[in-house]
Amino acid sequence: MADRQVVIIGSGPAGLTAALYTARANLKPLLIEGLEAGGQLMLTTMVENWPGFRDGIMGPELMSVMREQAQRFGAEILGGDVTSVNLRRRPFTITLADSPVVTTDSLIIATGASARWLDIGSDRRLSGHGVSTCATCDGYFFRGKPIAVVGGGDSAMEEAIYLTRFASKVSVIHRRDSLRASKIMQDKAFANPKIEFVWDSEIAEVKDVAKGEVTGVVVRNLKTGKLSEVALDGVFIAIGHTPNTALFKGQIELDANGYIVTHDGSHTNVPGVFAAGDVQDHVYRQAVTAAGSGCMAAIDAEHYLDNVPEDVTKPEETIARQNP
Amino acid sequence: MASDKIKTLTDSNFEEETKTGVVLVDFWAEWCGPCRRIAPIVEQLATDYEGRATIGKMNVDENPNIPTSRFQVRGIPTLVVLKNGKLEETLVGLAPKEEIARLIEKHL
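Report follows, based on the coordinates. Predicted, not measured: the structure shown is a model, and the values here were computed from it.

Side note on the overall build of chain B
Here's step 1: Within chain B, the secondary structure is distributed over 4 helices and 5 strands.
Here's step 2: Walking chain B from its N terminus toward its C terminus, one meets helices and strands in the order β-α-β-α-β-α-β-β-α.
Here's step 3: The C-alpha radius of gyration computed for chain B amounts to 12 Å, which stays within 12% of the reference 13 Å derived for 108 residues, consistent with globular compactness.
Here's step 4: Projected onto its principal axes, the C-alpha coordinates of chain B cover approximately 30 × 25 × 25 Å.
Here's step 5: Counting all 108 residues of chain B, 51% fall into the buried class.

And the structure:
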């Protein structure tokens, strides 16, 4: 007999909505928060597109009330990180960093996605010393200083515009000669006198690792191959996200980019395991769609628990077929 | 929910409070989401290490000097471990409790 009927991993809008619905269905869910508790909304300021809040709501505040709402209906929330899972046997087992192993009949994966880095080494090594993936956290440290934002999507534009509150100048470095960002964000960015654009370019190196602080970047023009150095004090990286699926690799079907593959709602290829939010969605990636899919996963898990099939497909066989 | 076991460090009391023993300092600010995630961990550490190490928090908004000038903090949360006033460890970003505890243990 399993310890739990349902365990949820992840505490962003998807995980907390799944907790709310499964708690209200009297399934006594256990939600494991993870290190990045609250998810990506904890890194935002005003959320203006969460329906029902006419004047917006602060991201961390939204997460905090969502958490309390799930708890009000009996969801149990555990801090800490999952270190491994075993989905090959039933009940599934979840191992945590500093709590006893938990077994469960069903699992909802809502581990989300985390910011991507550049893959040049020097950016990672200067993280916290001038390189950041969180403008709202670290913009404050660059008052009156020139900085760069890497990326050309909506979040890059949002960060660049936000950072003009602090920085003397924001250089947006983008690999192409046009932006991926929505029209409204492009217009805002182009109209901002503090923002300049460095097109067709990428950062080859962030300097100065030896000094332990950012003094500038080496920029490579992708059309001419020419390298040039720009002196600045900070680099903000906004080039998208990677799904947090390392825990599940080899046990569950992932697509080429590491996202969990779902079908018929929130079902994964392993019966009894469901996925919701950004961990399975690289298209919409909104707080409200994540919450919606968390609700779907809760309902799917409830149906699954009501009619656990006699002959559950053995997960080992499924995996063997997909990853020969 | 600030625990009374946590020392509030400021630009003016920093030298005095960190001059002896092992001290963990959590640099934070109200507007920093990830700082809220690490706060309960730091509170637990304050209980775990009571009497053996000082666990302090320093608000970077209210203290413009020590965090940015002496420690070159450019992102938060940042945690540092000092021994007898000397900087021994710097940890940027989120980390599990065990990892932070290990950094304290190293210098006890």
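Points about the state of the cysteines
Residue and element names in this part refer to chain A.
Here's step 1: This structure, assessed with the given rule, holds 2 disulfides over all chains.
Here's step 2: There is a disulfide in this structure between Cys134 and Cys137, and the S-S distance comes to 2.1 Å. Here the disulfide of Cys134 and Cys137 is right-handed, its torsion about the S-S bond being about 70°. The two residues Cys134 and Cys137 agree in class, both being buried.

Some thoughts on the packing of aromatic side chains
Here's step 1: With the rule as written, the count across this model stands at 9 aromatic pairs over all chains.
Here's step 2: Between Tyr140 of chain A and Phe141 of chain A, the ring centres sit 5.2 Å apart and the planes meet at 85°, which makes this aromatic pair edge-to-face. Like Phe141 of chain A, Tyr140 of chain A is buried.
Here's step 3: Taken together, a centroid distance of 5.6 Å and an interplanar angle of 65° make the contact between Tyr162 of chain A and Phe166 of chain A edge-to-face.
Here's step 4: Classification of Tyr162 of chain A as buried rests on a relative accessible area of 13%.
Here's step 5: An aromatic cluster of at least three residues, connected via ring pairs, comprises Tyr140 and Phe141 of chain A together with Trp31 of chain B.
Here's step 6: In this structure, Arg24 of chain A is placed above the aromatic ring of Phe73 of chain A, and the distance from its NZ or CZ to the ring centre is 4.7 Å.
Here's step 7: The ring of Trp28 of chain B is capped by Lys57 of chain B, whose NZ or CZ atom sits 4.9 Å from the centre of that ring.

A look at the environment of Ser132 of chain A
Here's step 1: Along the chain, the position of Ser132 of chain A falls in strand S10 (residues 131–132).
Here's step 2: Those residues in contact with Ser132 of chain A, other than ones at most four positions away along the chain, are Asp138, Val235, Phe236 and Ile237 of chain A.

Conventions adopted
- Residues numbered from 1 in each chain as written.
- Chains lettered and ligands numbered in written order.
- Predicted model: local features only at pLDDT ≥ 70, side-chain atom pairs only at ≥ 80, totals over all residues.
- Heavy atoms only, no water.
- Helix = DSSP H or I, 4+ residues; strand = E, 2+ residues; numbered from the N terminus.
- Rg over C-alpha atoms; globule rule 2.2 N^0.38 Å.
- Buried < 20%, exposed > 50% of the residue type's maximum accessible area, 1.4 Å probe, protein only.
- Disulfide = S-S within 2.5 Å.
- Phe/Tyr/Trp six-rings, centres within 6.5 Å; stacked < 30°, edge-to-face > 60°.
- Lys NZ or Arg CZ within 6 Å of the ring centre and 35° of its normal.
- Contact = heavy atoms within 4.5 Å.

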